[in-house]
Amino acid sequence: MIEQLALLRQEVEQLTKFFKEMLEQIGEPELAELLPWRLGEAPKRKVSAYQKAQFYSVSFQLFTIAEENYYARLRRQRENESERIPGLWADVFYRLGERGIDLKQLRPLWGEIHVEPVLTAHPTEAKRITILEFHRDLFRDLKELENPLRSQAEKRDLHLRLLSVIERIWRTGELYAQKPTLEKEFHNILFYLTRIFPEVLQMLDQRLVWAWSQAGGDEDWIDDLARYPRLSFGNWVGGDRDGHPLVTDGFTQKTLLEMRRLALCSIWDQLKALGGKLGMAASLQKIPDPLEQRMGALVHQLGLPGTHAMGGNPGEPWRQFVNLMMAKLPLIEREGALLLQDHPSAYHSSVELLADLKLLYDALCQIGAQGIARTEVRHPYRLIKTFGFHLAALDIRQNSDYHDQGIAQILSQAGVPEGDQFAEWVEARRLDFLNQELTSLRPFLRPEQSAGKEADNLRATFGVIADYNRKYGINAFGAYIVSMTRSLSDLLSVYLLAREAGLLVRTDEGLACPLTVVPLLETIEDLQGGGAILSAFLDHPLTQASLTLIQQDKRRSRKVQQVMVGYSDSNKDGGILASQWNLYKAQQEMALIGDQRDVMIRFFHGRGGSIGRGAGPTKSFLEALPPSSLKGSFRMTEQGESINQKYGYRTTALYNLELLMAGVSFQGFANASSAPDLGLVESVMEKMARDSGEAYEALVKDPGFFEFFRQATPIDLLEHSRIGSRPARRTGKASIQDLRAIPWVFAWNQSRFLLPSWYGVGSAFEALKTQNPEDWERLKASVNQRGLDYLLQNIRRALTLADPEVMGLYAQLVSNPELRQAQLGKILAEYERTLTGLNELYQGIVSDSLQRFRWSMEIRSDGLRQLHLQQIELLALWREKPEEESLLEDLLITVNAIASGLKNTG
């Protein structure tokens, strides 16, 4: 480890030398003198607050890029030396072998593996998209710098390019001039979906096949393309309406059509490239009869376009078959541009195209051209399997309260007695009404009728879904997610709204909805009641018919019900320990409920980018989930800066996607054969969660706490930030309850309290040790078991970031000294209790990953201290003169700089 850190230090120093050289070239010698490793010193010449913060921010960005590049190179080196990287495919197959699981046993299970990262635009990415693009340029150039075969001229050119990229970062500036629009957020998401993931998918498959072969897997499986573990992507930009008034039905429709166009254009490009590689002469190899027969059928279906497709490459039937597939795409080429065109003979879905590609693949294998099939046809097949005709599955999310308002307006307009009070009806009355209505396809209102703002918005949204479904099918949608699901009626209300748009259909089992309706359980109370809600929902006739319909539409082997669990609000609600334990229990309970009804529960994990919002190392996170909850089908949000950190560069994207795919596969296979002990002793965890939650609630519900929070953190500054298009509050009320979890965590991170990531844990430790000493000893003995270790190691990382001295500095901003002393005293005492408890549990032993993390923060510590001092000083001035725009600009750059230093916002 010491040797690794020394090499990493060299990597960081190399890049900071480039920064130093650039500063000298542009006439900033005073700032250049601070590099490398002299960040704690102040420049001799006075520089502006903005420039000082920018200097630290760029330094931290370069540190992070250097670290990413070093660890990517280290992984390549270790693999070249035949060393297994924990969590990747080779390691997974080896560990399965250690458990006595024969690879032949896995073949039937591969079809159950489905992993779907869901990209959101939650406002936690502090850097402009332009800056992120420059980071990618820098990462690419650093990789090229490693090539030892470059000539002196090439090295010189690369040196100048590196200086240029760093200068561009310096001169561009980091702050958004205004909040990013939905269009810009959508454009950013498209970058990953069109330029990163397609290329990474090919490398991911190559690594899977290589690891499978190395582990002794059978050769036949390699050509069974339909059995490969499935990767797909989800998207919230354009569909997430919860508290976001800018997401309109028009923008949702635009999002769906643009993703469809881009997916089809990508397929066109893939097929065009494939055709160019299959110019094989008919005279040298006869095409198999099934392929020849399919060609004849396609020509007949397409008519004149089919004849043209056959006429382009006479004597090259393999290429002609690809031409026919291109002609059958719902596209038209006009003046060099590809446009959507739904001609009668077009493929209706990607499933039909995949069948033709598989026929081509098998035909090549039949004539002995397996090498060509695997090299040239596999990737287009896998790309279409991943992205379909829709690129990414769009989730629609809306709050249950909003549904209540809309339904009340619809019922009032329709003349239903007391319908305008629908939100106040008791659950029994709501269910009686909904159950009666959901036996009919009759809507309450005519399409042209208006009922009120919320009602009209909801009806328009469901109208877009219904219209797209009629034209292209439901696969473009991931789910309809109900935020703040509190009861069965909250879910059945979605069916009622879907009926208004004609989305419900009649089936042999009764009325059904083709769109998956998903409860989002966010608070601790909702998690505790989630099992009862899910049971009633799964038992409802309309849900049962819907699950059957969806199973048929998606060609699944079994029924699947998705459930979303929220990490952010449950943490904000009761602190990290209470949140994590209630999440664990809820998943365990709901997985059992699904098993009892022969329905797979596909958990959708709403994790954020910080520990206080559920973040943590992917491999450890997957291993810490209840075994019964992870059977191969998995969804997870990727938010804000986490998207760029994980997927911004192809090297890191490949690593993180392989970790996710291999990890879910391992857990699915291993959990199917055994149920490992996670070290979570129920009685001990129950007590600690209760004691921790009580300590946390005692703090945040204290009458003076909200005032302390408003003054001792930069929350008011964050409400003025231009990071995302979404408002910081749900309704605009000044309360902890109304504040979104993201700015809540962001504010505590910026001021180095990190309170949501650890507060209450120390009290739980202390209570267990004094009241149940035997259980404390049991906890010490279990600390290295994976479920418990994952939770506690995350808290250790949070305490590494938390800084009591900096907390005290921010607390000086609190005007009332008695309030300051009382609240800060509680926080610091709990910090010491937590630190003491963790040190005793781990007996001072520090893991390699924690050691690397601590070192990474150590090189940033002096610069961060300077930034905190500057932010505190400017905050005090700005709060006295909030109209000073220049003060706000200087403050906002400190937010970005501190986020860069911590490698995290919220």
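Since the model is a prediction, treat every value here as computed from it, not as a measurement.

With respect to the overall build of the protein chain
Next up, step 1: Counting secondary structure elements, the protein chain contains 36 helices and 13 strands.
Next up, step 2: Considered along the principal axes of its C-alpha atoms, the protein chain spans approximately 85 × 85 × 60 Å.
Next up, step 3: Counting across all 906 residues of the protein chain, residues that qualify as buried make up 60%.
Next up, step 4: Contacts in the protein chain between residues at least 24 apart in sequence constitute 81% of all its contacts with a sequence separation of at least 6.
Next up, step 5: In the form shown here, the protein chain has an accessible surface area of approximately 34600 Å², with 49% of it arising from carbon and sulfur atoms.
Next up, step 6: Taking the 105 positively charged and 116 negatively charged side chains of the protein chain as two groups, their mean positions are separated by 3 Å.

A few points about the packing of aromatic side chains
Aromatic ring pairs are described here by two measures, namely the spacing of the ring centres and the angle between the planes.
Next up, step 1: A full pass over the atoms with the stated rule returns 43 aromatic pairs.
Next up, step 2: Ring centres 6.3 Å apart and planes at 70° place the aromatic pair Phe-93 and Trp-110 in the edge-to-face group. Linking Phe-93 in helix H4 (residues 89-98) with Trp-110 in the loop between H4 and strand S1 (114-119), this pair joins segments that are 17 residues apart in sequence.
Next up, step 3: Directly above the ring of Phe-134 sits Arg-168, whose terminal nitrogen or CZ lies 4.9 Å from the centroid.
Next up, step 4: Its guanidinium or amino end placed over the ring of Phe-621, Arg-607 lies 3.7 Å from that ring's centre, counting from NZ or CZ.

Let's talk about the packing of helix H30 (residues 773-782) against helix H33 (residues 817-842)
Next up, step 1: Put simply, H30 and H33 touch, their axes get as near as 8 Å, and they point 65° apart. Between H30, through Trp-776, Leu-779 and Lys-780, and H33, the contact on the second element is made entirely by Gly-837, Glu-840 and Leu-841.
Next up, step 2: Among the residues forming the contact of H30 with H33, the class breakdown is three nonpolar, one polar and two charged.

As for the pairing of strand S4 (residues 331-334)
Next up, step 1: Pairing of S4 with strand S5 (residues 337-340) involves four bridges; the strand directions are antiparallel. Each residue of the ladder has a partner; that of Leu-331, found in S5, is Leu-340.
Next up, step 2: Between S4 and S5, which pair antiparallel in sequence order, lie two residues; one of them, Glu-335, sits at a positive phi of approximately 55°.

Some words on the pattern of salt bridges
Next up, step 1: According to the stated counting rule, one finds 69 salt bridges in the structure shown.
Next up, step 2: The partner of Arg-486 in a salt bridge is Asp-490, with the nearest N and O atoms 3.0 Å apart.
Next up, step 3: Of the residues examined, Arg-486 reaches a relative accessible area of 40% and is grouped as partly exposed.
Next up, step 4: For Glu-638, the salt bridge is made with Lys-646, and the minimal N-O distance between the two is 3.2 Å. Grouping residues by exposure puts Glu-638 and Lys-646 together as buried.
Next up, step 5: Residues participating in the shared-partner salt-bridge network are Asp-137, Arg-140, Asp-141, Glu-144, Arg-150, Asp-157, Arg-161 and Arg-168.

Some points on the environment of Ala-536
Next up, step 1: Within the fold, Ala-536 resides in helix H18 (residues 524-539).
Next up, step 2: You can call Ala-536 partly exposed: its relative accessible area is 29%.
Next up, step 3: When the C-alpha atoms of Ala-536 and Val-745 are compared, they prove to be 34 Å apart, with 209 residues separating the residues in sequence.

A short note on the nonpolar core
Next up, step 1: Core analysis: the largest hydrophobic core is formed by 166 residues, its most contacted members being Phe-93, Trp-110, Phe-197, Leu-271, Leu-329, Leu-360 and Phe-634.
Next up, step 2: The biggest single contributor to this core is helix H7 (residues 182-214), with 16 residues.
Next up, step 3: Setting aside chain neighbours within four positions, we find Trp-110 in contact with Trp-89, Phe-93, Leu-208, Trp-212, Trp-221, Arg-227, Pro-229, Ser-665 and Phe-669.
Next up, step 4: Counting 113 residues, the second largest nonpolar core, distinct from the first, contains Ala-66, Phe-708, Ala-764 and Ala-897.

As for the environment of Leu-875
Next up, step 1: Along the chain, the position of Leu-875 falls in helix H35 (residues 861-880).
Next up, step 2: Through-space distance from the C-alpha of Leu-875 to that of Lys-619 is 40 Å; in sequence the pair is 256 residues apart.
Next up, step 3: The residues touching Leu-875, leaving out its near neighbours within four places in the chain, are Pro-714, Asp-716, Leu-717, Tyr-810, Leu-813 and Leu-891.

Description of helix H13 (residues 370-387)
Helical periodicity: at 3.6 residues per turn, an α-helix aligns residues three or four positions apart in one direction.
Next up, step 1: Over its 18 residues, H13 runs 25 Å from end to end, which matches the ideal 26 Å to within 8%, given 1.5 Å per residue.
Next up, step 2: The sharpest bend along H13 comes to roughly 45°, located at Val-377, with the proline Pro-380 sitting one to four residues further on.
Next up, step 3: All of the buried residues along H13 are Ala-373, Arg-374, Val-377, Arg-378, His-379, Pro-380, Tyr-381, Arg-382, Leu-383, Ile-384, Thr-386 and Phe-387.
Next up, step 4: The secondary structure elements touched by the buried residues of H13 are H7, strand S2 (230-231), helix H8 (249-277) and helix H12 (350-366).
Next up, step 5: Phi turns positive one or two residues past the end of H13, at Gly-388, with a value near 55°.

Points about the side chain of Arg-430
Next up, step 1: With respect to the helices and strands, the residue Arg-430 is situated in helix H15 (residues 427-437).
Next up, step 2: Among the polar contacts made by the side chain of Arg-430, one reaches the side chain of Ser-489 at a distance of 2.9 Å.

Remarks on helix H26 (residues 705-712)
Next up, step 1: Of all the residues in H26, the buried ones are Phe-705, Phe-708, Phe-709, Gln-711 and Ala-712.
Next up, step 2: Summarising the contacts, the buried residues of H26 are in contact with helix H25 (682-700), helix H27 (715-718), helix H28 (741-750), helix H32 (804-811), H33 and H35.

Here we look at the side chain of Arg-499
Next up, step 1: If you trace the backbone, Arg-499 turns up in helix H17 (residues 488-500).
Next up, step 2: Excluding its chain neighbours within four sequence positions, the residues that come into contact with Arg-499 are Glu-437, Ser-440, Leu-441, Arg-442, Pro-443, Phe-444 and Leu-504.

Overview of unusual backbone geometry
Generally, phi is negative for residues other than glycine and the peptide bonds are trans, each holding for most cases.
Next up, step 1: The backbone phi angle of Arg-555 is positive, close to 55°, even though this residue is not glycine.
Next up, step 2: Structurally, Arg-555 can be placed in the loop between helix H19 (541-553) and strand S11 (559-566).
Next up, step 3: Not every positive phi belongs to a glycine, and Leu-754 is a case in point at roughly 50°.
Next up, step 4: Position of Leu-754 among the secondary structure elements: in the loop between H28 and helix H29 (761-771).

So, the packing of helix H3 (residues 49-80) against helix H36 (residues 885-902)
Geometry of a packed helix pair, given as the angle between the helix axes and the separation of the axes.
Next up, step 1: Between H3 and H36, whose axes approach to 8 Å, the crossing angle comes to 20°. When the interaxial angle is binned, H3 and H36 end up roughly parallel. H3 and H36 meet at a crossing whose hand is left-handed. Along its contact with H3, which presents Ala-49, Tyr-50, Ala-53, Gln-54, Ser-57, Phe-60, Gln-61 and Thr-64, the element H36 presents Glu-889, Asp-890, Ile-893, Thr-894, Asn-896, Ala-897, Ser-900 and Gly-901.
Next up, step 2: Across the contact of H3 with H36, the residue classes break down as six nonpolar, eight polar and two charged.

Quick word on the pairing of strand S6 (residues 393-399)
Next up, step 1: Among the seven residues in S6, seven count as buried, and that is most of the element.
Next up, step 2: Here S6 shows two buried faces, one formed by Ala-393, Asp-395, Arg-397 and Asn-399 and the other by Leu-394, Ile-396 and Gln-398.
Next up, step 3: Relative to S6, strand S3 (residues 234-235) runs parallel, the two being bridged by two bridges. When the bridges of S6 are listed, Gly-234 appears paired with Ala-393.
Next up, step 4: As paired elements, S6 and strand S7 (residues 477-483) share five bridges and run parallel to each other. Paired with Asn-399 across the two strands is Ser-483, which belongs to S7.

A word on the environment of Ala-653
Next up, step 1: The topology assignment puts Ala-653 in helix H24 (residues 650-673).
Next up, step 2: Residues Ala-653 and Tyr-192 lie 461 residues apart in sequence; the distance between their C-alpha atoms is 9.5 Å.
Next up, step 3: In contact with Ala-653, other than residues within four places in its own chain, are Ile-196, Val-200, Lys-646 and Tyr-647.

What counts and what doesn't
- Residues numbered from 1 in each chain as written.
- Predicted model: local features only at pLDDT ≥ 70, side-chain atom pairs only at ≥ 80, totals over all residues.
- Heavy atoms only, no water.
- Helix = DSSP H or I, 4+ residues; strand = E, 2+ residues; numbered from the N terminus.
- Buried < 20%, exposed > 50% of the residue type's maximum accessible area, 1.4 Å probe, protein only.
- Contact = heavy atoms within 4.5 Å.
- Areas by Shrake-Rupley, 256 points an atom, 1.4 Å probe, with all protein chains shown as cover.
- Lys, Arg positive; Asp, Glu negative; His and termini not counted.
- Charge placed at Lys NZ, Arg CZ, Asp CG, Glu CD.
- Phe/Tyr/Trp six-rings, centres within 6.5 Å; stacked < 30°, edge-to-face > 60°.
- Lys NZ or Arg CZ within 6 Å of the ring centre and 35° of its normal.
- Axes fitted to C-alpha atoms, helices over the stretch in contact; angles between N-to-C directions.
- Nonpolar A, V, L, I, M, F, W, Y, C, P; charged D, E, K, R; others polar.
- Pairing = 2+ DSSP bridges.
- Salt bridge = Lys/Arg side-chain N within 4 Å of Asp/Glu carboxyl O.
- Core = buried A, V, L, I, M, F, W, Y, C linked by side-chain atoms within 4.5 Å.
- Expected span 1.5 Å × (residues − 1).
- Bend = angle between axes of the 7 residues up to and from the residue.
- Polar contact = N/O pair within 3.5 Å; in protein donor to acceptor, adjacent residues only side chain to side chain.
- Parallel < 35°, antiparallel > 145°, perpendicular 65-115°, else oblique.
- Left-handed = near helix turned anticlockwise from the far one by under 90°.

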